[in-house]
Amino acid sequence: MLVLEVVSGPLDGQRWEFESEITIGRDDAAAQACLALDRYVSRAHARIQVDEGALVLSDLESRNGTRVEGAKIVGTVRIEPGTPFIVGRTALRVLVRP
């Protein structure tokens, strides 16, 4: 089981559990992880998927982009559990739940 956790932003401490995929966005009809309080987050902003045991972060052509280590990602990028990334003005990370 994986956990998407907000580490800073309007929903600091909020968590969502997922197994293989989760969409992050501002609209709860389009995203399982809804960041409605961050106006810089697109309706469907980013997605995390498990691909052959690795975490893959994808920007879904969001208006403000998705950042890892300060750099805006294009397409997809692999991330390690615990690596912070920015969606809008919200910092998140994925944790592995034992």
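In this report, the structure presented in the accompanying data block is examined. These numbers were taken from a predicted model, which means no experiment stands behind them.

**Points about the overall build of the chain**
1) Next: A count of helices and strands for the chain gives zero helices and 11 strands.
2) Next: Computed over C-alpha atoms, the radius of gyration of the chain comes to 12 Å, within 12% of the 13 Å expected from 2.2 N^0.38 for 98 residues, which places it in the range of a compact globule.
3) Next: Every one of the 98 residues in the chain was classed for burial, and the buried ones make up 40%.
4) Next: Of the contacts made within the chain by residues no fewer than 6 positions apart, 37% connect residues no fewer than 24 positions apart.
5) Next: Of the accessible surface of the chain, which amounts to about 5,600 Å², a share of 44% is contributed by carbon and sulfur atoms.
6) Next: Side chains of the chain give 12 positive and 14 negative charges; the mean places of these two sets differ by 8 Å.

**Some words on the packing of aromatic side chains**
1) Next: Counting across every chain of the model gives zero aromatic pairs.
2) Next: If you follow R89 out to its NZ or CZ, it ends over the ring of Y40, 4.0 Å from the centre.

**What to know about the side chain of D59**
1) Next: As for its placement among the helices and strands, D59 is situated in strand 6 (residues 54–59).
2) Next: A distance of 2.7 Å separates a polar atom in the side chain of D59 from a polar atom in the side chain of S62.
3) Next: At 2.6 Å, the side chain of D59 forms a polar contact with the side chain of T66.

**Quick notes on the nonpolar core**
1) Next: Of all hydrophobic cores here, the largest spans 21 residues; its most connected members are L4, I24, I48 and F85.
2) Next: Broken down by secondary-structure element, the contributors of at least two residues to this core are strand 1 (2–8), strand 2 (15–18), strand 3 (21–25), strand 5 (46–51), strand 6, strand 10 (85–87) and strand 11 (90–96).
3) Next: It is strand 1 that provides the largest number of residues to this core, a total of three residues.
4) Next: Sequence-distant contacts of I48, defined by excluding residues within four places in its chain, comprise L4, F18, S20, E21, I22, I24, L55, V56, L57, F85 and V94.

Rules used in this analysis
- Here the residue numbers are simple positions, counted from 1 along each chain's written sequence.
- With pLDDT at 70 or above as the cut-off, local features in this predicted model cover only qualifying residues; side-chain atom pairs require 80 or more to be listed or tallied, and sums for whole chains, interfaces and linings still use all residues.
- Remark: hydrogens and water are excluded; side-chain values derive from all non-hydrogen atoms of the structure.
- Secondary structure is summarised from DSSP: a helix means a run of H or I of at least four residues, a strand means a run of E of at least two, and numbering begins at the N terminus for each.
- Each radius of gyration is computed over the set of C-alpha atoms, and the globule rule expresses the reference value as 2.2 Å times the number of residues to the power 0.38.
- Partly exposed residues are those whose accessible area sits between 20% and 50% of the maximum for their type, while under 20% is buried and over 50% is exposed, using a 1.4 Å probe and protein chains only.
- By definition in these notes, contact holds between two residues if any of their heavy atoms fall within 4.5 Å.
- Computed by Shrake-Rupley with a 1.4 Å probe, the accessible areas treat only the displayed protein chains as cover when residues are assessed.
- Neither His nor the chain ends is counted toward charge; the positive residues are Lys and Arg and the negative residues Asp and Glu.
- Every charge is mapped to an atom, namely NZ of Lys, CZ of Arg, CG of Asp or CD of Glu.
- Two aromatic rings from Phe, Tyr or Trp, using only the six-membered ring of Trp, form a pair when their centres are within 6.5 Å; if the ring planes differ by under 30 degrees the pair is stacked, by over 60 it is edge-to-face, and anything between is tilted.
- Should the NZ of a Lys or the CZ of an Arg lie within 6 Å of a ring centre and within 35 degrees of the ring normal, that charge is described as sitting over the ring.
- Side-chain atoms alone can form a polar contact between residues adjacent in sequence; in general such a contact is a pair of N or O atoms within 3.5 Å, and within protein one must be able to donate a hydrogen while the other accepts it.
- We call a set of buried Ala, Val, Leu, Ile, Met, Phe, Trp, Tyr and Cys residues a nonpolar core when their side-chain atoms join them within 4.5 Å.

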